[in-house]
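For reference, the chains in residue letters:
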Amino acid sequence: MRIENSFNPVRGVGEKTERKLWEAGVTHWEAFDGSVVGQTLSDRIESFIETAQERLDRGAYDFFAECVPANSHWRLFENAGSEACYLDIETTGLSRERNVVTTVSLYQNGTAETLVRGDDLTADRLAARLDSVPLLVTFNGRRFDVPFLEYNFDLDLTLPHMDLYSACRTVGLTGGLSEVERSLGIERDRPDISGRDAVRLWHEYERGSESALETLVEYNQADTINLEPIATEVTTRLDETIFRDAYSTTD
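Keep in mind that what you see is a predicted model, and the values were worked out from it rather than measured. (Residues numbered from 1 in each chain as written. Predicted model: local features only at pLDDT ≥ 70, side-chain atom pairs only at ≥ 80, totals over all residues. Heavy atoms only, no water.)

Along the protein, the regular secondary structure elements total 10 helices and five strands. Reported as C-alpha extents along the three principal axes, the dimensions of the protein are approximately 70 × 35 × 30 Å. Taken across its 251 residues, the protein has 50% of its residues classed as buried. Long-range pairs, those at least 24 residues apart, make up 64% of the contacts in the protein with a sequence separation of at least 6. Just so you have it, the protein exposes about 12,400 Å², and 43% of that area is on carbon and sulfur atoms. Separation between the mean location of the 25 positive side-chain charges and that of the 46 negative ones in the protein comes to 6 Å. (Helix = DSSP H or I, 4+ residues; strand = E, 2+ residues; numbered from the N terminus. Buried < 20%, exposed > 50% of the residue type's maximum accessible area, 1.4 Å probe, protein only. Contact = heavy atoms within 4.5 Å. Areas by Shrake-Rupley, 256 points an atom, 1.4 Å probe, with all protein chains shown as cover. Lys, Arg positive; Asp, Glu negative; His and termini not counted. Charge placed at Lys NZ, Arg CZ, Asp CG, Glu CD.)

In this section: helix 5 (residues 123-130). All buried positions along helix 5 are accounted for by Leu126, Arg129 and Leu130. Here the buried residues of helix 5 occupy an arc of 85 degrees about the axis, which is enough to place them on one side. Exposed residues pointing more than 90 degrees away from the buried face of helix 5 are listed as Asp124 and Ala128. Considering only its buried residues, helix 5 is in contact with strand 1 (85-91), strand 2 (101-108), strand 3 (111-116), strand 4 (136-138) and helix 6 (145-153). (Arc of directions from axis to C-beta.)

Here the structure, examined in full by the defined rule, presents 15 salt bridges. In this structure, Glu204 and Arg200 form a salt bridge, with 3.0 Å as the shortest nitrogen-oxygen distance. Taken as a pair, Glu204 and Arg200 lie in helix 9 (residues 195-206) at a separation of four residues, close to a single helical turn. Note that Arg237 and Glu233 form a salt bridge whose closest N and O atoms lie 2.7 Å from each other. Within this pair, Arg237 and its partner Glu233 are both found in helix 10 (residues 210-248), separated by four residues, close to a single helical turn. A relative accessible area of 26% means that Arg237 is categorised as partly exposed. By relative accessible area, which is 29% here, Glu233 ends up partly exposed. Within the structure, one salt-bridge network assembled from shared partners comprises Glu113, Asp120, Arg125 and Arg129. (Salt bridge = Lys/Arg side-chain N within 4 Å of Asp/Glu carboxyl O.)

Positionally, Ser47 belongs in helix 2 (residues 39-57). C-alpha of Ser47 to C-alpha of Val171: the two residues are 124 residues apart in sequence and 33 Å apart in space.

Okay, the packing of aromatic side chains next. This model, assessed by the stated rule, comprises nine aromatic pairs. Ring geometry for Phe7 and Phe32: centres 6.3 Å apart, planes at 40 degrees, overall tilted. You can see Phe7 sitting in the segment before helix 1 (15-23) and its partner Phe32 sitting in the loop between helix 1 and helix 2, a full 25 residues away along the chain. Each member of the pair, Phe7 as well as Phe32, carries the same accessibility label: buried. For the pair Tyr61 and Phe64, a centre-to-centre distance of 6.2 Å together with 50 degrees between the ring planes defines the contact as tilted. (Phe/Tyr/Trp six-rings, centres within 6.5 Å; stacked < 30°, edge-to-face > 60°.)

Moving on, we get to the domain arrangement of the protein. Much of the literature gives interface size as the accessible area that the parts lose upon coming together. Domain annotation for the protein reports domain 1 (3-58) and domain 2 (79-235). The C-alpha centroid of domain 2 is placed 34 Å from the C-alpha centroid of domain 1. (Domains from an automatic or database assignment.)

Rendered as structure tokens:
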């Protein structure tokens, strides 16, 4: 599944209409045949394809953040490839109004990096780092990581976002990140830490323990790195499910 297989960003195209197009052999923008749908909808789809192809060609992925339904952002995963950016944050608590972000780890193109509060974790650095990202991948990031970053750094992170928390549940993988990792056989060199442990390590670092920061960063980076195999498995399952449903049912 690539974004070019998708017609659901168009107003009036739901799951049934998209399946109807696929069943008629219209599985890619280039194959669009207006005779499969009515004239009004055909015009909308053709207009979308023209604009979307131009934006895709020049890497303007923010366009898709606005028009693609949130639960379909995973369809950009194959387009993004190694440029997909896996993100996880650590904080001093659960309230974005009362607590602060301590570390932000990002994994992209096989490289992990961590921005640290009081050092290189700034609004400008975050904005620049995420500016050209084609797809953000998180675990529960829509409800936690992104709102926390937007509030703490006065950012507007409008970019395509695959939240694995909800995507995992769609394909039957439940529980938190650690539970999903175990279900998929993804192992860590060291056991994961709790949110309370992350807060403790940060406070130890504030009191002068560099080793506490090293441990916190290690776990934070492991969270982002492990998102990649999860995303790969989940999108494969979503692909199988969506095409199976399309070709096993009729309108």
